[in-house]
Amino acid sequence: MTDTRTVDESTTSIRTEAPAGFLGRMAGSPLLRLIARRVLIAIPLLFAISVLVFALLEAMPGDVAQQQAGMDATPEEVEAVRKRLGLDRPPVERYLSWLGGFVTGDLGRSSVSGQPVATLLGERMAVTMELVLLAFAVSLLIAVPVALLAARKPGGIFDRIVMVMSMTLLAVPNYVLALLLVLVFAVMLRTLPAIGYVPIDEGLWANLRSVILPVLALGVPIACFYTRFLRGDLVEQLNSADYIDTARAKGVAPWKILWSHAFRNSSFGLLTLVGLNIGGLVGGTIIIEQIFAMPGMGMMMLQGAMSRDVAVVQICVFIFAAVAVFANLFVDVMYAVLDPRIRYGSR
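Below is a short write-up of the structure.

### Here we look at the packing of helix H11 (residues 254-291) against helix H13 (residues 310-338)
Packing of H11 against H13 brings their axes to within 9 Å, and their N-to-C directions diverge by 170°. Our classification of the angle between H11 and H13 gives roughly antiparallel. The residues of H13 that touch H11, namely those facing Arg264, Phe268, Leu271, Thr272, Gly275, Leu276, Ile278, Gly279, Val282, Thr285 and Ile286, are Phe320, Val323, Ala324, Ala327, Asn328, Val331, Met334, Tyr335 and Leu338. Considered class by class, the residues forming the contact of H11 with H13 number 14 nonpolar, five polar and one charged.

### Details of the nonpolar core
Among soluble globular proteins, nonpolar side chains are generally buried collectively. Residues Tyr226, Leu234, Phe292 and Ile315 are the most contacted members of the largest nonpolar core, which totals 72 residues. Excluding anything up to four places from it in sequence, Tyr226 contacts Phe136, Ser139, Leu140, Ala143, Leu270, Leu273, Val274 and Asn277. Grouped together as the second largest cluster of nonpolar side chains are five residues, Leu31, Leu34, Val333 and Ala336 included.

### Let's talk about the packing of aromatic side chains
On inspection of all chains with the given rule, the structure shows eight aromatic pairs. Ring plane angle 20° and centroid distance 5.4 Å describe the contact between Trp98 and Phe102, whose orientation is recorded as stacked. Taken together, the positions of Trp98 and Phe102, both in helix H5 (residues 91-104) and four residues apart, correspond to about one turn of that helix. For Trp98, a relative accessible area of 11% puts it in the buried group. Members of the aromatic cluster, connected to one another through ring pairs, are Phe47, Phe54, Tyr95, Trp98, Phe102 and Phe318.

### Notes on unusual backbone geometry
Trans is the prevailing form of peptide bonds, just as negative phi is the prevailing case for residues other than glycine. For Arg190, which is not glycine, the phi torsion reads 55° and is therefore positive. Relative to the elements of secondary structure, Arg190 occurs in the loop between helix H8 (174-188) and helix H9 (204-240). Unusually for a residue other than glycine, Ala293 sits at a positive phi of about 50°. Relative to the helices and strands, Ala293 resides in the loop between H11 and helix H12 (297-306). The exposure class of Ala293 is partly exposed, given its relative accessible area of 32%.

### Topic: the pattern of salt bridges
Tallying each qualifying case throughout the model produces five salt bridges. The residue Arg94 makes a salt bridge to Glu58 at a minimum N-O spacing of 2.6 Å. One end of the pair, Arg94, is in helix H5; the other, Glu58, is in helix H2 (residues 30-59), with 36 residues separating them in the sequence. With relative accessibility at 36%, the residue Glu58 sits in the partly exposed group.

### Focus: H11
Between its first and last C-alpha atoms H11 spans 45 Å; for 38 residues at 1.5 Å apiece the expected length is 56 Å, and the helix comes up short by more than 12%. Maximal helix bending in H11 amounts to about 45°, located at Phe263. One or two positions beyond H11, positive phi appears at Ala293, with a value near 50°.

Calculation criteria
Residues numbered from 1 in each chain as written. Predicted model: local features only at pLDDT ≥ 70, side-chain atom pairs only at ≥ 80, totals over all residues. Heavy atoms only, no water. Axes fitted to C-alpha atoms, helices over the stretch in contact; angles between N-to-C directions. Helix = DSSP H or I, 4+ residues; strand = E, 2+ residues; numbered from the N terminus. Parallel < 35°, antiparallel > 145°, perpendicular 65-115°, else oblique. Contact = heavy atoms within 4.5 Å. Nonpolar A, V, L, I, M, F, W, Y, C, P; charged D, E, K, R; others polar. Core = buried A, V, L, I, M, F, W, Y, C linked by side-chain atoms within 4.5 Å. Buried < 20%, exposed > 50% of the residue type's maximum accessible area, 1.4 Å probe, protein only. Phe/Tyr/Trp six-rings, centres within 6.5 Å; stacked < 30°, edge-to-face > 60°. Salt bridge = Lys/Arg side-chain N within 4 Å of Asp/Glu carboxyl O. Expected span 1.5 Å × (residues − 1). Bend = angle between axes of the 7 residues up to and from the residue.

Note that all results are geometric; they support no functional claim without further evidence.
Laid out in structure tokens, this is it:
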């Protein structure tokens, strides 16, 4: 009996201590501490962004109530609209009301359509996210192999063609490139639609056909930028890095040196560019969605700004800024995942 009780007590002790040990190891993880620290920094930054967005919208010229009521509206009608929109309350009270609603998931209602902003956002966000993700995928799928091939023989024919083409395309604004794509593929070749968006639930191919041109207009300039940066960084490492000379002395194959050694180090710089470009890419959808009549967040924000729909503009701008913040947070975490020195150096 004594032995059995001893075993039971020992087992109970193990069962009760195991989760604490697991949680302790999780809490002691340098990577998790780094993520927690970055998240804690992001929260006040997002709060500051929300205050700035609200203040900028408040500072916009013109009377929102007058615009919503119409230029021929009587003062009583304008005042009724002002009261309906809550504009008769102090700005601080309106901001705190918006912030409280945002935290609880209530984003308010559009002053133009009367629909909940969350409903409008859900319909539009999927379109914009599809454009952004596909544009990034296309840019990386183009940039990485092209830069690797160009860096293999710097100054060669392929390298020169890549440099000239990338410089030329970088000089073309994405809205001009969008119009050129429409002219070639929609007007001359008649292979792709010029405008419109087909949801994916109406067919995958139909959906892809409707987003190919907007994705190219967004992704190709970024691909050129990544290609030039990555090619230059690879060439510099291949010509001057000591570890490359060591690998050559050991007889490592050239393609393995390029991929496993040079590209691995260059990927850190590329990762930084990706993080910095996400905010610009999301912002670029405002123009591209307008050109291709895509019902995304960019068009939603533009229409909201033209009609002074403050609730819509406020949440769109805030989300665009939040995407940039979380993109940089993601890059910081990926740095730590790829390079343990950053993880342990952040203690």
